[in-house]
Every structure is written in structure tokens, then in C-alpha cells.
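Residue-level structural notes
This is what each chain is made of:
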Amino acid sequence: MKIIKYEEKYRDDMIFMILEAKNALGRVPGLNEDLMDIQKNYLKHGYVEYQEQYMMKEL
């Protein structure tokens, strides 16, 4: 095995490898439902919607 430095271009391959590893272990890959509510997650971290579909965080 060769260890290489992570680069953004490998992102999709890394996600695929993780899902395949979970599948091989018998875990069915799935999405966390709480991550699907983007609006709620943004509001939780201090963002506000200043225009429809645009969020900003006041610093």
C-alpha cells in the first residue's frame, strides 16, 4: 500500500471507497437525515438568510 497526500481531486474516490468498505462490512450506506435539513444546520451555526437562497454569518 502506498500512502499519498490528499488532494481535492481524490474526494469522490475517497467517498466511494468508504461506502464500499461499509458495504463489505455489512453496513448499508445511507445519509444522515439530520444533515439533509440544510436550513436548520445553517441557523444552528449563526447564519441568517438575507435574501432568498442566500445565507450569511455575522462576525
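Residues numbered from 1 in each chain as written. Predicted model: local features only at pLDDT ≥ 70, side-chain atom pairs only at ≥ 80, totals over all residues. Heavy atoms only, no water.

**Quick look at the overall build of the chain**
Scanning the chain from terminus to terminus reveals three helices and two strands. When the elements of the chain are put in sequence order from the N terminus, they spell out α-α-α-β-β. Relative to its full complement of 59 residues, the chain shows a buried share of 2%. Accessible area for the chain stands at about 6,200 Å²; split by element, carbon and sulfur atoms hold 56% of it. (Helix = DSSP H or I, 4+ residues; strand = E, 2+ residues; numbered from the N terminus. Buried < 20%, exposed > 50% of the residue type's maximum accessible area, 1.4 Å probe, protein only. Areas by Shrake-Rupley, 256 points an atom, 1.4 Å probe, with all protein chains shown as cover.)

**A few points about the pattern of salt bridges**
This structure, assessed with the given rule, holds two salt bridges. Between Lys9 and Glu7 there is a salt bridge, with the nearest N and O atoms lying 3.8 Å from each other. In this structure, Asp12 and Arg11 form a salt bridge, with 3.1 Å as the shortest nitrogen-oxygen distance. (Salt bridge = Lys/Arg side-chain N within 4 Å of Asp/Glu carboxyl O.)

**Some words on the pairing of strand β1 (residues 47–51)**
Where β1 and strand β2 (residues 54–57) come together, four bridges link them in antiparallel fashion. Looking at β2, one finds that Gln51 is bridged to Tyr54. In textbook terms, the turn of a hairpin is the stretch between consecutive antiparallel strands, and for β1 and β2 this stretch comprises two residues, one of which, Gln53, has a positive phi near 70°. (Pairing = 2+ DSSP bridges.)

**A look at a nonpolar patch on the surface**
A cluster of nonpolar side chains, Val48, Tyr50, Tyr54 and Met56, forms an exposed patch at the surface whose accessible area comes to about 380 Å². Elements supplying a minimum of two residues to the nonpolar patch: β1 and β2. Locating Tyr50 in the fold gives a position in strand β1. (Patch = residues over 30% accessible without salt bridge, like charges linked within 9 Å, V, L, I, M, F, W, Y side chains within 5 Å.)

**Looking at the confidence of the model for the chain**
Interpretation of this model should avoid reading the predicted coordinates in detail wherever pLDDT is low. Here the chain shows a mean pLDDT of 77. Residues at 70 or above account for 73%. Mean pLDDT in the chain bottoms out at helix α2 (residues 33–36), which sits at 64, and peaks at helix α1 (residues 11–24), which reaches 85. (pLDDT = per-residue confidence, 0-100.)

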